Structure formats: structure tokens, C-alpha cells
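The residues making up each chain are set out below.
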Amino acid sequence: MTQTLLLVIVFVLGIASLPWLVRRVQQRQGRLAGSSVPPPRVLSAIAVGPHQRVVTVEMGGDGDRTTLILGVTPQSICCLHTQVSRADPGAGIGSFSSAMANASAVGPLHSREPAPTDEKDVGRG
């Protein structure tokens, strides 16, 4: 009697732990397959009707990100707009210093010389 009861308890515990085990295996396979690319993340969601939403989703890693604006209904998902942004590896300090060098080469923003006037506009008043 006790062996049968012990066998039933082990069987029920095995069945109860099956969803946890399946989820754990799926998480491990997901990490191994796409370890270099982070999962998509929802940036914002705006309800435009009782069952319609406009959702902004960001996909991709640091070097190559894609932002999708999606129209979501219970029947379908439609891509409304796509924006790809590629980050330059040298877009840090180098681009700032080159921008400052270009700005100083152009000169000051305000010069002391008066702005040139158009001769046609002088007589009108």
C-alpha cells in the first residue's frame, strides 16, 4: 500500500514539475541560439481604439538597431514604419572633436560687420 502511494506521489510531482522543466529548457535554448542579439523590447504602446494599439518596438543589438512602429489589432499586426539606426564605432570622442574643429574653423557666430542689404529692398518702407 505504501509503495503504491509513494509511486502516485512521485508521479503527481513529476507531472506538476513538467511545465517548469519545459520553460527552463526553452530559456536555455534561447540563450544559446541568440546570445549575441538581445530580445526585442516594447518602447511604448498607445491605445487608439477598444482593441487597436500602436506599439513601438526596438530590435537588434548596439551596433544595428531597428525601431518598428506596429499597428496591432486582434486579427493582425501591420508594420506602419521602420527606422534603422546604425551606430558608428568611432562616433564617440572623435566625432565631437572633429565637430569642434570644424566649428572653430568657420569662425564666430556673430561678426561685427553689418549684414549685406539688398539694393531693391532699401527704397521700400
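For the structure, see preceding data.
Below, the structure is looked at part by part. Bear in mind the structure is a predicted one, so any value in this text is a computation, not a measurement.

### Here's the deal with the pattern of salt bridges
In step 1: Following the criterion strictly, the structure yields 2 salt bridges and no others.
In step 2: With a closest N to O distance of 2.8 Å, Arg41 and Glu58 form a salt bridge. Remark: Glu58 occurs in strand E2 (residues 53–60) and Arg41 occurs in strand E1 (residues 41–47); sequence separation between them is 17 residues.
In step 3: Classification of Glu58 as buried rests on a relative accessible area of 14%.
In step 4: Salt-bridge contacts for Glu58 lead to Arg65; the nearest nitrogen and oxygen are separated by 4.0 Å.

### Describing the pairing of E2
In step 1: The pairing of E1 with E2 spans 6 bridges and is classified as antiparallel. In the sheet register, Ile46 faces E2, and the bridge partner there is Val54.
In step 2: Connecting the antiparallel pair E1 and E2 is a turn made up of 5 residues.
In step 3: Where E2 and strand E3 (residues 64–72) come together, 8 bridges link them in antiparallel fashion. The residue of E3 that forms the bridge with Glu58 is Thr67.

What counts and what doesn't
- Residues numbered from 1 in each chain as written.
- Predicted model: local features only at pLDDT ≥ 70, side-chain atom pairs only at ≥ 80, totals over all residues.
- Heavy atoms only, no water.
- Salt bridge = Lys/Arg side-chain N within 4 Å of Asp/Glu carboxyl O.
- Helix = DSSP H or I, 4+ residues; strand = E, 2+ residues; numbered from the N terminus.
- Buried < 20%, exposed > 50% of the residue type's maximum accessible area, 1.4 Å probe, protein only.
- Pairing = 2+ DSSP bridges.

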